[in-house]
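Fold and contact review
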Amino acid sequence: MVCGKNCFTMWMNRKTDRIFLKTLNYVLNVLKFSPSTNVRTQSTRKPGPPRLSWRLLFFGTDQFAVESLKLLNLCSGILNVHPSLLPRWRGPAPVFHTVMHGDTVTGVTVIQILPNKFDVGPILNQEIHQVPKNCTAEDLGAALATKGAHLLLNTLMKLPEKIANKREQELKGVTFAPKINTSMSWINWEEQTCDQIACLCRAIGSRIPLRTVWMGKTIKLLDFVGKCYTSDERNPGSVYYDKDSNTLAVCCKDGWVAFRTVLLNKRLTAADFYNGYLNQTVKKNTSSKPAEGQFVSKKGRTEELQTNTWRGQKKQ
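In terms of regular secondary structure, the protein chain is built from 8 helices and 12 strands. Looking at the 316 residues of the protein chain, the share that counts as buried comes to 47%. In the protein chain, once contacts between residues fewer than 6 apart in sequence are set aside, the share between residues at least 24 apart is 68%. Just so you have it, the protein chain exposes about 17,100 Å², and 51% of that area is on carbon and sulfur atoms.

Below, the discussion takes up unusual backbone geometry. Looking along the chain, the bond that leaves L86 and enters P87 is cis, with omega of 20°. At N134, a position not held by glycine, the phi torsion is positive, near 65°. Within the secondary structure layout, N134 lies in the loop between β5 (123-130) and α4 (137-157). Positioned with a positive phi, N265 is a non-glycine residue whose angle comes to about 70°. By secondary structure assignment, the location of N265 is in the loop between β10 (256-264) and β11 (266-269). Here N265 falls in the exposed class, since its relative accessible area comes to 71%.

To continue, consider the packing of aromatic side chains. With the rule as written, the count across this model stands at 8 aromatic pairs. For the pair F273 and Y277, a centre-to-centre distance of 5.6 Å together with 20° between the ring planes defines the contact as stacked. Here the residue F273 and the residue Y277 both occupy positions in helix α7 (residues 270-284), the gap between them amounting to 4 residues, near one helical turn. Given a relative accessible area of 29%, Y277 falls into the partly exposed group. Pairing F273 with F295 gives two aromatic rings, centres 6.1 Å apart and planes at 45°, and the pair type is tilted. With F273 in helix α7 and F295 in strand β12 (residues 295-296), the pair connects residues that are 22 residues apart, well separated along the chain. Here the aromatic residues W189, W214, F273, Y277 and F295 are joined through ring pairs into a cluster of three or more.

Burial runs high along strand β9 (residues 247-251): 5 of the 5 residues are buried. Side chains of β9 alternate between two faces, with T247, A249 and C251 and L248 and V250 buried alike. Summarising the sheet, β9 and β10 pair through 4 bridges and their orientation is antiparallel. Among the inter-strand pairings, V250 is bridged to a residue of β10, identified as V257. Here β9 hands over to β10 after 4 residues, the two strands then running antiparallel side by side.

Here is what the cut-offs are and how they apply
- Residues numbered from 1 in each chain as written.
- Predicted model: local features only at pLDDT ≥ 70, side-chain atom pairs only at ≥ 80, totals over all residues.
- Heavy atoms only, no water.
- Helix = DSSP H or I, 4+ residues; strand = E, 2+ residues; numbered from the N terminus.
- Buried < 20%, exposed > 50% of the residue type's maximum accessible area, 1.4 Å probe, protein only.
- Contact = heavy atoms within 4.5 Å.
- Areas by Shrake-Rupley, 256 points an atom, 1.4 Å probe, with all protein chains shown as cover.
- Phe/Tyr/Trp six-rings, centres within 6.5 Å; stacked < 30°, edge-to-face > 60°.
- Pairing = 2+ DSSP bridges.

Read these as layout, nothing more, since geometry by itself doesn't imply function.
Structural data, given as structure tokens:
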């Protein structure tokens, strides 16, 4: 929202826009905007605390917001509703990284945006949110969208007080949440635990399928089941077909995880993959080809992610 030089933006995506707009409709009814003049009109509600007159409603993704605000020639007075407990998870994808890293607590923060920068300004309002067990990024994003809309309304109603009592973000505990991409979907069977793979799947699995390498080809792992229990002791990446559960069990750093479906040229059930690929490969496997019959971690993935994280955390 904009009033002269004041602007408010909120993190959005396709899964959260409907929820946020539903809550925002309540905000508009309270503030009574006139669609013809873009100026708040007199309300028939009972008299309450004095309210500011806002002239323009604006919301969108951070990147979209930056470009639009450039056209509006606004250089100060911007407020941002960010779905994390800043300074943790600055950047464009805080919800995904919250789930990916197994955070148990997150929240929503309303901050002032410094000129030409996002997510580093002083905090006006903040509310904690407990992350439900086994929730996905979509579920968490929807919950934070609703909480963020209410927190924005609370901030607007007490804006002079919130500005007067604003506090700077702490210098410690800063982490950066870069945009999700396919490089994050590659599983490192030697380094990642069962819980880490589960968190990764809940964070990005609905948008970017988890990936690994099978005999030199990329294979996508679908329909994640979770941790499975077996007494077999094999090398990370070892895969076998579990007939009782009709899943592919894969050995990782500290145990086994299972998938019901894979995508290799076409969609295959666990049984299809076993009959058409895994069973044939195991029969042909020799000591000279130790990688056959296994899922192989893509080389360079860990180093790439570490480099991206380091670079991202420097963007403060």
